[in-house]
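# Geometric and topological summary
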Amino acid sequence: MESITFGILTISDTCYHEPVKDRSGPRLKALIAESFDNSQVVSAVLPDERDLIQRELRKWIDRDDVSIIITTGGTGFAPRDVTPEATKPLLDKDCNQLTLAIALTSLKKTKFAALSRGVCGIAGNTLVLNFPGSEKAVAECFEAVRELLPHALHLIGNNVALVQRTHAEVQGTFQNTPALPQLLKRDHVCPHKTGAGDDIDRNSPFPMLPVHQALDTILDVVQRNNVRKQQMDLLLSPVNIPPFRASIKDGYAMKSSGFSGTKRVVDCIAAGDKVNVHPLQEDECFKINTGAPIPTHADCVVQVEDTRLLQRDKYGEESLVDILVEPKSGLDIRPVGYDLLKGDKVFPAADYSPVVYKSLLASVGVEQQQYKPKVAIVSTGSELLPPQEPPVAGKIYDSNTTMLKELLLYFGFDCRHQFVLGDDLATIKSCLSNLFDTVDFVICSGGVSMGDKDYIKPVLEDLQFKLHFGRVNMKPGKPMTFASRSNKYFFGLPGNPVSAFVTFHLFALPAIRWADGWERVKCSLPIINVSLLNEAIELDSRPEYVRASVTSINGQLHASVNGNQISSRLQSIVGADVLIHLPGRTAAKTQACAGEIYSASVLRYDFISRYE
Ligand SMILES: Nc1nc2c(c(=O)[nH]1)N[C@H]1C(S)=C(S)[C@@H](COP(=O)(O)OP(=O)(O)OC[C@H]3O[C@@H](n4cnc5c(N)ncnc54)[C@H](O)[C@@H]3O)O[C@H]1N2
Ligand code: MOO
Ligand SMILES: [Mg+2]
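Residues numbered from 1 in each chain as written. Chains lettered and ligands numbered in written order. Predicted model: local features only at pLDDT ≥ 70, side-chain atom pairs only at ≥ 80, totals over all residues. Heavy atoms only, no water.

## Looking at the overall build of the protein chain
Helix and strand counts for the protein chain stand at 16 helices and 30 strands. Each of the 612 residues in the protein chain was classed as buried or not, and the buried ones make up 50%. A separation threshold of at least 6 residues defines the contact pool for the protein chain, and within that pool the share at least 24 residues apart is 71%. Carbon and sulfur atoms form 52% of the exposed surface of the protein chain, whose accessible area is close to 29,100 Å². (Helix = DSSP H or I, 4+ residues; strand = E, 2+ residues; numbered from the N terminus. Buried < 20%, exposed > 50% of the residue type's maximum accessible area, 1.4 Å probe, protein only. Contact = heavy atoms within 4.5 Å. Areas by Shrake-Rupley, 256 points an atom, 1.4 Å probe, with all protein chains shown as cover.)

## Let's talk about the environment of Ile8
Looking at where Ile8 falls in the secondary structure, it is placed in strand 1 (residues 5–11). On the accessibility criterion, Ile8 (1% relative accessible area) is buried. Once the C-alpha coordinates of Ile8 and Pro26 are considered, the two residues, 18 residues apart in sequence, prove to be 8.9 Å apart.

## Notes on the site of ligand 1
Every one of the 21 residues lining ligand 1 counts as a neighbour, but Glu383, Asp398, Ser449, Lys478 and Gly495 are closest to it. With respect to ligand 1, the side chain of Glu383 contributes an N or O atom lying 2.5 Å from an oxygen atom. With respect to ligand 1, the side chain of Lys478 contributes an N or O atom lying 2.9 Å from an oxygen atom. For the shell around ligand 1, the secondary structure elements donating two or more residues are strand 17 (396–397) and helix 15 (497–515). Split by residue class, the shell around ligand 1 holds eight nonpolar, nine polar and four charged. (Near = heavy atom within 4 Å. Polar contact = N/O pair within 3.5 Å; in protein donor to acceptor, adjacent residues only side chain to side chain. Nonpolar A, V, L, I, M, F, W, Y, C, P; charged D, E, K, R; others polar.)

## Structural notes on the side chain of Thr481
Note that Thr481 resides in strand 21 (residues 481–485). A relative accessible area of 0% means that Thr481 is categorised as buried. The residues contacting Thr481, other than those within four sequence positions of it, are Val448, Lys457, Leu460, Leu467, Phe469, Gly470, Phe490, Phe491 and Gly492.

## Side note on helix 3 (residues 50–62)
Between its first and last C-alpha, helix 3 extends 18 Å over 13 residues, near the 18 Å set by a 1.5 Å rise per residue. Within helix 3, the full set of buried residues consists of Ile53, Gln54, Glu56, Leu57, Trp60 and Ile61. For helix 3, the buried positions fall inside an angular range of 165 degrees around the axis, keeping them on one side. Set apart from the buried face of helix 3 by more than 90 degrees, the exposed residues are Asp51, Arg55 and Asp62. (Expected span 1.5 Å × (residues − 1). Arc of directions from axis to C-beta.)

## Let's talk about the sheet that holds strand 5 (residues 120–123)
Note: strands within a sheet are paired through backbone hydrogen bonds, in either parallel or antiparallel orientation. Pairing in this open sheet of six strands is mixed, and the strands run 2-1-3-6-5-4 from one edge to the other. In this open sheet, the two strands that pair with only one neighbour each are strand 2 (40–46) and strand 4 (93–94). In this structure, strand 5 lies alongside strand 6 (residues 126–131), joined through four bridges in antiparallel fashion. Residue pairing in the sheet places Cys120 in a bridge with Leu129 of strand 6. The strands touched by helix 6 (residues 135–145) are strand 3 (66–72) and strand 6; relative to strand 6, the strand with the most contacts, the crossing angle is about 145 degrees. The strands that helix 7 (residues 149–156) touches are strand 1, strand 3, strand 5 and strand 6; relative to strand 6, the one it contacts most, it runs at about 145 degrees. (Pairing = 2+ DSSP bridges. Axes fitted to C-alpha atoms, helices over the stretch in contact; angles between N-to-C directions.)

## Some words on the confidence of the model for the protein chain
Looking at the protein chain, the pLDDT average stands at 92 and 93% of residues meet or exceed 70. Here the prediction assigns the complex a pTM of 0.69, and the interface score ipTM is 0.98. (pLDDT = per-residue confidence, 0-100.)

## Notes on the site of ligand 2
Lining the immediate environment of ligand 2, one finds Pro476, Gly477, Lys478, Pro479, Asn496, Ser499, Arg542 and Ser567. Here an oxygen atom of ligand 2 sits 2.5 Å away from a polar atom, N or O, in the main chain of Gly477. Class assignment of the residues belonging to the shell around ligand 2 gives a composition of two nonpolar, four polar and two charged.

## Side note on a nonpolar patch on the surface
Taken together, the side chains of Phe77, Phe112 and Leu115 present a nonpolar region at the surface, about 370 Å² in accessible area. Secondary-structure assignment places Leu115 in the loop between helix 5 (96–109) and strand 5. The class of Leu115 is partly exposed, set by a relative accessible area of 43%. (Patch = residues over 30% accessible without salt bridge, like charges linked within 9 Å, V, L, I, M, F, W, Y side chains within 5 Å. Salt bridge = Lys/Arg side-chain N within 4 Å of Asp/Glu carboxyl O.)

## Details of the packing of helix 12 (residues 400–410) against helix 15
Taken N-terminus to C-terminus, the directions of helix 12 and helix 15 make an angle of 30 degrees; their axes are 11 Å apart at the nearest point. By the angle between their directions, the pair helix 12 and helix 15 is classed as roughly parallel. In terms of crossing hand, the pair formed by helix 12 and helix 15 is right-handed. Contacts from Asn400, Met403, Leu404, Leu407 and Leu408 of helix 12 reach helix 15 at Pro497, Ala500, Phe501, Phe504, His505 and Ile512. Residues of the contact of helix 12 with helix 15, tallied by class, amount to nine nonpolar, two polar and no charged. (Parallel < 35°, antiparallel > 145°, perpendicular 65-115°, else oblique. Left-handed = near helix turned anticlockwise from the far one by under 90°.)

Below, the structure written as C-alpha cells:
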C-alpha cells in the first residue's frame with residue numbers, strides 16, 4: 001500500500017500563541033488517518049505572517065516525502081488573513097476546479113463559505129490546498145476532496161498504471177470497482193480483489209497494461225547492478241596469450257636466414273614442452289607441433305605440407321627433410337602476447353553471456369566470484385504433486401517448478417531455492433517473508449488470478465510490497481503480477497504452465513538480466529520477422545504470443561503454429577522455436593493469414609527446426 005505524507009499547517013495568531021486552541025489541525029490529522037492507510041503527517045502552527053507561512057510552505061514543498069499540504073486558517077477577509085497571498089506565489093499551477101469543488105461543497109452547508117478566499121494549486125510535486133480555519137469547515141472541505149486526492153497524486157507523479165486504472169473506472173470500462181483501493185483505507189480483505197472489492201465487485205481491480213508498458217515498468221523498478229560491468233571493465237590480463245612464441249602449424253622450426261632444401265631434424269618439440277634453447281644451424285630444424293613453443297634460435301615455421309621427408313634414423317625418427325619453400329622470418333609464429341598482452345583489458349566490451357564471460361576468465365587463469373542475482377522459485381497450488389510420486393486423486397504433476405528452474409539454468413542463472421506451497425495464505429506469507437531474506441528475486445507461479453484461493457496479491461500487500469501491476473493485456477499470461485519492496489522483486493507468473501513459460505521469457509528473464517547488468521537491448525529475447533505458414537488463425541481480443549516452429553526456406557524464415565494454444569497445454573512448447581506476436585483482434589482484422597509477416601521472439605539458440 002502506498003503511503004502519503006501530508007503537511008498540515010494551522011495558520012492563526014491565536015493558535016500560534018495558544019496551540020491547545022488549535023482544533024482544525026488535529027481534526028484534519030484524524031480525518032487523514034481515518035481515510036488513508038499508512039499516512040504520515042507533519043504539522044506546524046504559525047501566526048498570520050506572510051513570510052513565515054511562505055517559508056514553512058517552501059520547506060515542505062521542497063521535501064521529497066510531503067505530497068499534500070493542507071493549510072487551515074487565514075483565508076478570510078480580515079486584514080491579517082494572508083494565507084492565499086502567501087500560497088499563490090509558490091504555485092506552479094492553479095487548480096481552480098479543486099477550489100471550486102471545495103467552495104461548492106461548503107456553500108451547500110453555509111453561504112458564509114463565500115467569504116473564504118482559499119486557493120488550490122501544485123507547487124513542484126506537491127498539492128497545496130487552503131482550507132478555512134474552523135473545525136467544521138475543515139471537515140467539509142476535506143470531504144470535498146478526499147476521494148480525488150490519490151488520483152491527483154498519481155497524475156502529479158505521472159504514475160501511469162494507477163492513472164489508467166482510474167480513467168477506466170471513470171469511463172465505465174471497469175465496472176463496480178470502488179475508487180482507488182490502493183490508497184483509500186478499507187476494512188474488508190478480499191483476497192481475489194486485493195481487498196478492493198465488496199460482494200458485488202466481480203472484476204479485477206487491476207488495469208491490463210500493454211506488454212511493452214509492463215516491461216518498461218519492470219526495468220524502471222529493477223536496479224541494474226554494475227558490479228560485473230566494472231569487473232569486466234577493470235580486469236587486466238595477468239598473463240600474455242600466448243605466453244611464449246607459439247607455432248601456428250605442425251611443421252619445422254628453423255632460421256629464416258637459411259635456405260630451402262635439405263635440413264637435419266635435430267629434435268622434436270611438442271605442445272607443453274619447455275622452450276628449447278639449444279643453438280641451431282642454418283641447415284638444421286626442429287620438428288614442431290601446433291601450439292608448441294618456438295625454440296630460442298628459430299624464427300620461422302614451415303608447415304609440414306611444404307616439406308618432404310627424406311630420411312628416418314634407426315629409431316624411426318625423422319632425420320632429414322626437404323624444405324620446399326623459402327623460409328621467411330616470423331612465418332607461422334604467434335609472438336608473445338599476440339592474442340592478448342599482459343596488462344591489456346581482458347574484455348574489450350562487457351559481455352554477459354555466461355559462455356563468453358566464464359571462458360575469457362578461464363583463458364587468463366582468473367577465477368572470479370561472479371555477482372549474480374539470487375533467484376528462488378516458488379510454485380503454489382494445493383493440487384501439485386512432485387513428478388516422482390505415484391498419481392493421487394485430485395492432484396496434478398507440478399511441471400512449473402522444473403520448467404522455471406531449467407529455464408533459469410538454460411539462460412545461465414542459478415536457482416538458489418525452490419518451494420512448492422499449498423494454497424494457504426499463512427504458509428505463502430511466511431515462506432515469501434523468509435525467502436526474501438536470502439534472495440533478490442522470487443519467481444512464483446499460480447495464485448494470481450480471481451479465485452478465492454489466489455492469495456499472492458494479498459500476501460504481497462501484507463508484506464508491504466508495492467504491486468506495480470496485476471494484469472497484462474496478453475494471451476497467455478493475463479494475470480501476470482509484478483511487485484517490489486526496495487531491492488527485492490516478485491514475479492507472480494500465472495499458474496497455467498504455458499502462461500508461466502511465456503511470461504518468464506517476456507518479463508522475468510529480462511528483469512534478471514537487467515539486474516545482472518546486461519544492456520537493455522540484450523535483456524529481452526531477440527526479435528526476428530517470420531512469415532506465417534498456417535492458413536488462417538483467428539485473432540484473440542488480447543495480443544497473443546503463439547508458440548511456433550521455424551523453417552528456413554531459401555534463407556527466409558517461416559513459422560508454423562504448434563497446435564492447440566490453450567495455456568494449460570504444455571505440448572505447445574515442444575519444438576517451439578519462437579513466440580509469434582499476433583496482434584489483438586480489431587474490427588478490420590480478425591485473422592492472421594498465411595504469408596503475412598509477424599515479429600517473433602526467439603526462444604532458443606537452436607531456433608531453426610527445418611531447412612527446405
Ligand atoms: N474468473 C477468472 N478466472 C481466471 C482468469 C480470469 O481472468 N478470471 N484468468 C485465467 C487465466 S488467463 C489464467 S492464466 C489463470 C491463472 O491462474 P492463477 O495464476 O491464479 O493460477 P492457479 O489458479 O493457481 O492455476 C491455474 C492452472 O494452472 C495449473 N497449475 C498451477 N501451478 C502449476 C504447476 N506448478 N504445474 C502445473 N500446473 C500448474 C493449475 O492446476 C490450474 O489448472 O487463471 C484463469 N482464471
Ligand atoms: O493468460 Mo491465461 O495465461 O490466458 O491462460
Ligand atoms: Mg487461480
